[in-house]
Amino acid sequence: MGHSYGWEAEAAAQQARCTLAEAIHATPEEIVFTSGATEANNLAIKGVAEAYLNRGRHLITVQTEHSAVLEPCRYLQSLGFEVTYLPVRSDGVLDLAELKQALRPDTILVSDMAANIEIGVLDPLAEICAFCRSRQVLFDTDAAHAIGKIPLDVEAMNVDLMSMTAHKVYGPKGVGALYVRRRRPRVQLAPQLHGGGQERNLRSGTLCIPQIVGLAKAVELALSEQESAQQRLTNLRQRLWQQLSCLEGIQLNGHPTQRLPGCLNVSIQGVDGSALLLGLQPVVAISSGSACTSAKPSPSHVLTALGRSLELTYASIRFGIGRFNTVAEIDQVAQQVITTVQSLRQTPSANHIQPLSHSSKL
Ligand SMILES: *Cc1c(COP(=O)(O)O)cnc(C)c1O
């Protein structure tokens, strides 16, 4: 930094780094700022693959991961790496036995997300990490949808790499971070952006200070209310599910209790999720199909991995209950869903289940 304005920016970034580190029980030196979770996941996965080339070329991840993990893995396959995509149980939870079976002497990384973005399922991460540590295999987790919502402690859990993003906790878009463990063990990472050597040479490029300050503030706010929010959102989610469960042919997607407080995903037999969406006023965040990919309707690879039929994947709808939602809104949305489903069932022409021609992404 050449001038005093630079020092001020540097101090702001350092403070944000400390806030983020504290949030996950890391040290500030272990935080690398990125443009979001997509970049963080890419840096973690490709960076480890490249740095540990000589130790092995096998990686393990899970079929229900976000595309920001699946696509870097597919890219690595095109370079000659081998990747195992583990299946999940019908409740969406990863079975540790599957991982134990898939681990090989040349496995260099296991990547399993902290909270599933589509169905909200939480894997037994501490158990999974402890196993990886015992085999001296690095463990990476995509915590984009978990940070600020559930407690995360990289020390207690033995996490080696963790991707984060601001915009899933009411922060600005286009900023995130990667936690990279520096002690016991020190994770080696090959940089994916080369240039001026910022971020301890792991991610070159001038830092976007306003975004970074926004990221830290968003995480700080979320943490300050995390405990009360967990209880409140769990109550709201259960209230919504209780009201919806009176619908014939409805089923919950994902484990009933091992899940994020504010995420509910259901399939309603014979009802097209997109048609249902059209009948709802958005008082809570609602989506159909696989959430954050594209406008093109495609069957959710997550629900497919749970063993749901193609019809049921199109008959799915996901509710995101957040900081500002009230009991009255939950009751309102439940009522809307119930009446819309009833009217769709009475007028079959408005309820076109998607044709079977779409190709699955997995
Ligand atoms: C949103 C999300 C991403 C992508 O994050 P960006 O910051 O938009 O790049 C990756 N993984 C998960 C689990 C997400 O929820």
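Reading guide: rules and limits
Residues numbered from 1 in each chain as written. Predicted model: local features only at pLDDT ≥ 70, side-chain atom pairs only at ≥ 80, totals over all residues. Heavy atoms only, no water. Helix = DSSP H or I, 4+ residues; strand = E, 2+ residues; numbered from the N terminus. Axes fitted to C-alpha atoms, helices over the stretch in contact; angles between N-to-C directions. Parallel < 35°, antiparallel > 145°, perpendicular 65-115°, else oblique. Left-handed = near helix turned anticlockwise from the far one by under 90°. Contact = heavy atoms within 4.5 Å. Nonpolar A, V, L, I, M, F, W, Y, C, P; charged D, E, K, R; others polar. Phe/Tyr/Trp six-rings, centres within 6.5 Å; stacked < 30°, edge-to-face > 60°. Buried < 20%, exposed > 50% of the residue type's maximum accessible area, 1.4 Å probe, protein only. Lys NZ or Arg CZ within 6 Å of the ring centre and 35° of its normal. 1 Å grid on protein atoms, 1.4 Å probe; cavity = no way out; pocket = protein on both sides within 12 Å on 5 of 7 lines; lining within 4 Å. Points joined across faces, edges and corners; volume = space filled by probe spheres on them. Domains from an automatic or database assignment. Buried area = accessible area lost by both parts, 1.4 Å probe. Salt bridge = Lys/Arg side-chain N within 4 Å of Asp/Glu carboxyl O.

Below, the discussion takes up unusual backbone geometry. In the segment running from Arg184 into Pro185, the intervening peptide bond is cis, with an omega of -10°. Mapped onto the fold, Pro185 is located in the loop between strand S7 (176-180) and helix H7 (209-224). Of note in this structure, Glu199 is not a glycine but carries a positive phi near 50°. If you trace the backbone, Glu199 turns up in the loop between S7 and H7. The phi dihedral of Arg200 falls on the positive side, at around 55°, and the residue is not glycine. Assignment of secondary structure puts Arg200 in the loop between S7 and H7.

In this section: the packing of helix H1 (residues 4-23) against H7. It is the contact of H1 with H7, at a shortest axis distance of 9 Å, that shows an interaxial angle of 30°. One element, H1, and the other, H7, form an angle in the roughly parallel class. For the pair H1 and H7, the crossing hand works out as left-handed. Side by side, H1 and H7 meet where Ala9, Ala12, Ala13, Ala16, Thr19, Leu20 and Ala23 of the first sit next to Ile209, Ile212, Val213, Leu215, Ala216, Val219, Glu220 and Leu223 of the second. Taken together, the residues of the contact of H1 with H7 break down into 13 nonpolar, 1 polar and 1 charged.

In the structure shown here, the tally under the stated rule is 1 aromatic pair. Measuring from ring centre to ring centre gives 5.6 Å for Tyr170 and Phe324, while their planes differ by 80°; the resulting arrangement is edge-to-face. Taken as a pair, Tyr170 in the loop between strand S6 (161-165) and S7 and Phe324 in the loop between strand S11 (316-320) and helix H12 (327-346) lie far apart in primary sequence, 154 residues in all. On the basis of relative accessible area, Phe324 is assigned to the exposed category, the value being 61%. Over the aromatic face of Tyr75 sits the side chain of Lys46, whose NZ or CZ is 5.1 Å from the ring centroid. Directly above the aromatic system of Tyr85 lies the positively charged group of Arg74, at a separation of 5.9 Å from the ring centroid.

It is worth spelling out empty space enclosed by the protein at this point. Applying the stated criterion across every chain, the model contains 2 cavities of 30 Å³ or more. Taken as a whole, the second largest cavity spans an internal volume of roughly 60 Å³. Val62, Thr64, Glu65, Gly92, Asp112, Met113, Asn116, Ile119, Val121 and Asp123 together form the lining of the second largest cavity. Residue classes in the lining of the second largest cavity are distributed as 4 nonpolar, 3 polar and 3 charged.

Once that is clear, we can look at the domain arrangement of the chain. Segmentation of the chain into domains returns domain 1 (4-224) and domain 2 (226-361). The C-alpha centroid of domain 2 is placed 28 Å from the C-alpha centroid of domain 1. Taken together, the contact pairs 34 residues of domain 1 with 28 residues of domain 2. Of the roughly 2400 Å² buried where domain 1 meets domain 2, counting both sides, 53% is carbon and sulfur surface. In terms of surface lost to domain 2, no three residues of domain 1 exceed Glu118, Ile119 and Tyr170, which account for 31% of the buried area on that side. Linking domain 1 with domain 2 are 0 salt bridges.

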